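Report on the structure
What follows is the residue order along each chain.
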Amino acid sequence: MTVSTHLPVGAEAIRDKGYWLAYRFLILRRLSQVFFLSLFLLGPWFGIWWVKGNLSGSLTFNVLPLTDPFIALQGIVAGHWPEMTALIGALIVGAVYALIGGRLYCSWVCPINPVTDAASWLHRKLDLPKGWQPKRGTKYFMLAMVLGVSVLTGTVAWEFVNPISMLHRGLIFGAGFAWALVIGVFVFDLLLARRGWCGHLCPVGAFYGLLGNKSLLRVTAQKRAACDDCMDCFAVCPEMQVITPALRGKDADTPLILSPDCTNCGRCIDICSVNVFHFTHRFDETPAPGRVRDRTNPAPKVGKAA
Amino acid sequence: MSATLTQPKNPARRRFLQDAARGTAGCAVAGMSLAWFVQDARALPDRAIRPPGALPEEDFLAACIRCGLCVRDCPYDTLVLAELGVDGAATGTPFFTARDIPCEMCEDIPCVAACPTGALDKELTNIDDSRMGLAVLIDQENCLNALGLRCDVCYRVCPAIDEAITLERRHNERSGHHAIFMPVVHSDHCTGCGKCEKSCVLPGEAAIKVLPIRVAQADQAEHYKRSWEENTPLVDEIIDLPDRLPGTGTDNLAAPGGFEPTFKLPQGATTGGIGQ
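Read on for a plain summary of the structure. (Residues numbered from 1 in each chain as written. Chains lettered and ligands numbered in written order. Predicted model: local features only at pLDDT ≥ 70, side-chain atom pairs only at ≥ 80, totals over all residues. Heavy atoms only, no water.)

Things to note about the overall build of chain B
Rules: We count a stretch as a helix when DSSP gives it H or I for four or more residues in a row; a strand needs E for two or more, and each element gets its number in order from the N terminus. Classification of residues uses two cut-offs on accessible area relative to the type maximum, computed with a 1.4 Å probe and protein chains only: under 20% is buried, over 50% is exposed, and between them is partly exposed. The contact rule is simple, with two residues in contact once any of their heavy atoms fall within 4.5 Å.
If you tally the helices and strands in chain B, you get eight helices and six strands. Each helix and strand of chain B, ordered N terminal to C terminal, gives the series α-α-α-α-β-β-α-β-α-β-β-α-β-α. Taken over 276 residues, chain B has a buried fraction of 38%. Put simply, of all contacts in chain B between residues at least 6 apart along the chain, 59% involve residues at least 24 apart.

This is the structure we're talking about:
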């Protein structure tokens, strides 16, 4: 614990780096989310049919087919081998996320992300208890469960309840009562489990995490020696457990955040007033000395500190 | 019980087993809820008609990714995606309501061409072969033609006029000296496009409705042969039975030169008059 720990989250970043650098990736991420959503809304709202369909499957400029690989996988295990168009679409999407970062989808594209981010922001403002925190592996159980139910019922099972496609399709095609599911996720994250949905339960996030397990784009805590223990990165990170091994690592440990849970949202880069983090690729081997610890600068209790 | 007994020998193993058991149990509960919900939600209402070429419903729900590309390429805005809690069909899947906007049976079938997964079967190349449903003259008490009037609208609008719907002339028993031109639907030509239902002049519900094939059609009685449809005889070839001609060489004693039959009927069975 240091003096800066007790400052409001982000206060030093705004003071030292200015508003833009302290919110850069958050703003870019919101722009990206708006961009991808508006691509789909241009057609129904303004009659500009560049992109048709929704996140489950789409056709861009009448040539580029894209398919959600997780939905395609559920269809396949349910017993339907899709036609080439959908397969190519799923391969393209799968290859892109596998290459640049699976959960990039979660933080830069997924329309539920602003909802859970808002819940998390309000949660922090209201200083609510963190509530039920399911084990990190729970989402993989959810993933297995969804595939199992797809096999058993012979349907694309998750699409019966998936709040992502409910919201996205709702905005584009008409929602019915799909809003209830979105509000449900918000309330769940706000009152029942902090950061509960995206990080702990959502099987789509789990799938994309596994897909991008070896992806290239990574955040590194390369200047971890400069860390002043303000803990702001832990406060804003939706998957805070991914920071610890990189930030608190010894000289020999990699400063790269290699966990598939990391969504590459870049919020840690924004919020750090001493610029510990930046984006790089997974083969970046720039030496990153750990912090020198002595009696005046003792190591914090890793794990409990978060 | 001593404290040492409650201490697990291998805490990591204990924790792993506990977590695994807990996760499995939780997923079993969540999975059963989801499976129950899916079973419940997959029940397609009878008024929701799937697009042309749609696979049978149980295959359709494995194939349709609910992208809505068929909806986008439908030039008549016939198709819509089901909305949660509003439409009965599985959320996000395409259907149409014939009474609102029927299928116009485009020759190039753009909805099928747009489908990326094959949930709408590309094998369907001639729209006349599509079987979205089957029209049924469901209310024969209020149908104007059935009452003896000449409405004929369903017959006139049918894209397969005189094939899918014909007017069958019957005697009007009520008046005694008029005809009733009864609209009759023929399943071998009806595509289930719903134009008849759309244009039925009755207010509110139509007297003729497109219903899913599974509702509209019974299974054929396989054991019942329709001799007027099939020319196949009961046995493969004609069996040439021995001729029982009067005269020498028959086992009919009544005939001149007949001899005793080698086969004797049992006593009492002859009351039927055989061979007497």
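Once you've had a look at it, read on.
Examining the sheet that holds strand β3 (residues 64-67) of chain A
Residues and elements named next belong to chain A. Put simply, the rule is: Strands pair, by our definition, only if DSSP identifies at least two bridges between them. Working convention: axes come from line fits to C-alpha atoms, limited for helices to the stretch in contact. Angles between N-to-C directions cover 0 to 180 degrees.
Strands sit in the order β1-β2-β3 across an open sheet of three strands; the sheet is antiparallel. A strand with exactly one partner marks an edge of an open sheet, and here the two such strands are β1 (51-54) and β3. Put simply, the sheet's adjacent strands are angled 10° from each other on average, direction ignored.

Thoughts on the packing of helix α2 (residues 69-77) of chain A against helix α10 (residues 203-211) of chain A
Residue and element names in this part refer to chain A. Formally: Each angle gets one of four labels, with under 35 degrees taken as roughly parallel, over 145 as roughly antiparallel, 65 to 115 as roughly perpendicular, and the rest as oblique. Ten residues, namely Ala, Val, Leu, Ile, Met, Phe, Trp, Tyr, Cys and Pro, are considered nonpolar, four, namely Asp, Glu, Lys and Arg, are considered charged, and the remaining ones, Gly among them, are considered polar.
Contact geometry of α2 with α10 gives a least axis separation of 10 Å together with a crossing angle of 100°. Considering their axes alone, α2 and α10 lie roughly perpendicular with respect to each other. For the pair α2 and α10, the contacting residues are Pro-69, Phe-70 and Leu-73 in the first and Pro-203, Val-204, Phe-207, Tyr-208 and Leu-211 in the second. A per-class count over the contact of α2 with α10 returns eight nonpolar, no polar and no charged.

Quick look at the environment of Pro-52 of chain B
All names here are of chain B. Tracing the backbone shows Pro-52 in the loop between α2 (11-41) and α3 (57-63). Residues Pro-52 and Asp-129 lie 77 residues apart in sequence; the distance between their C-alpha atoms is 9.1 Å. Each residue touching Pro-52, except ones within four places of it in the same chain, is listed here: Cys-103, Ile-109, Cys-111, Val-112, Leu-120, Leu-124, Ile-127, Ser-130 and Met-132.

Here we look at the interface of chain A and chain B
So the rule is basically this: Summed over both partners, the accessible surface that disappears when two parts come together, traced with a 1.4 Å probe, is what is meant by buried area. Every case where a carboxyl oxygen of Asp or Glu lies within 4 Å of a side-chain nitrogen of Lys or Arg is listed as a salt bridge. Polar contacts, as used here, are pairs of N or O atoms within 3.5 Å; protein pairs need one atom able to donate a hydrogen and one able to accept it. Residues neighboring in sequence count only if both atoms are side-chain atoms.
The interface of chain A with chain B comprises 44 residues on the first partner and 42 residues on the second. Across the chain A/chain B interface, buried area totals approximately 3,200 Å², and carbon plus sulfur atoms make up 69% of it. There are three salt bridges connecting chain A and chain B. Residues Asp-73 of chain B and Lys-52 of chain A are paired through a salt bridge, measuring 2.8 Å at the closest nitrogen-oxygen approach. Run the count over chain A and chain B and you get 12 residue pairs in polar contact (both at pLDDT 80 or more). The set of elements that each furnish at least two residues to the side of chain A that touches chain B consists of β1, β2 (57-60), α2, α3 (84-100), α6 (138-153), α7 (163-173) and α8 (178-192) of chain A. Looking at which element gives the most residues to the side of chain A that touches chain B, the answer is α6 of chain A, with six residues. Residues belonging to the side of chain A that touches chain B are distributed by class as follows: 25 nonpolar, 14 polar and five charged.

A closer look at the nonpolar core
Going by this rule: Think of a nonpolar core as a cluster: buried Ala, Val, Leu, Ile, Met, Phe, Trp, Tyr and Cys residues, connected wherever their side-chain atoms sit within 4.5 Å.
Counting residues in hydrophobic clusters, the biggest one holds 114 residues, and the most contacted among them are Tyr-105, Trp-158, Leu-247 and Phe-277 of chain A together with Leu-34 of chain B. Those residues within four positions of Phe-277 of chain A in sequence are excluded, and the remaining contacts are Val-219, Thr-220, Ala-221, Cys-233, Ile-243, Leu-247, Ile-257, Cys-268, Ile-269 and Cys-272 of chain A. Core analysis: the second largest hydrophobic core is formed by seven residues, Leu-59, Ile-71 and Val-156 of chain A together with Ala-114 of chain B among them.

Some words on the packing of aromatic side chains
Filter applied, for reference: The rule is short: rings of Phe, Tyr and Trp, with Trp giving its six-membered ring, pair when the centres are within 6.5 Å, and they are stacked under 30 degrees, edge-to-face over 60, tilted in between. Consider the ring centre and the ring normal. A charge sits over the ring if Lys NZ or Arg CZ is within 6 Å of that centre and within 35 degrees of that normal.
Taken as a whole and assessed by the stated rule, the structure comprises 11 aromatic pairs over all chains. Centre to centre, the rings of Trp-50 of chain A and Phe-61 of chain A are 6.0 Å apart; their planes meet at 45°, and the pair counts as tilted. Linking Trp-50 of chain A in the loop between α1 (11-46) and β1 with Phe-61 of chain A in the loop between β2 and β3, this pair joins segments that are 11 residues apart in sequence. For Phe-61 of chain A, a relative accessible area of 53% puts it in the exposed group. Following the ring pairs from residue to residue traces out a cluster consisting of Phe-70, Tyr-97, Tyr-105, Phe-207 and Tyr-208 of chain A. Sitting above the plane of the Phe-160 of chain A ring, Arg-66 of chain B keeps its charged end 4.4 Å from the centroid. Against the face of Phe-181 of chain B rests Arg-150 of chain B, its NZ or CZ located 3.8 Å from the ring centre.

Function cannot be inferred from these measures alone, as they are strictly geometric.
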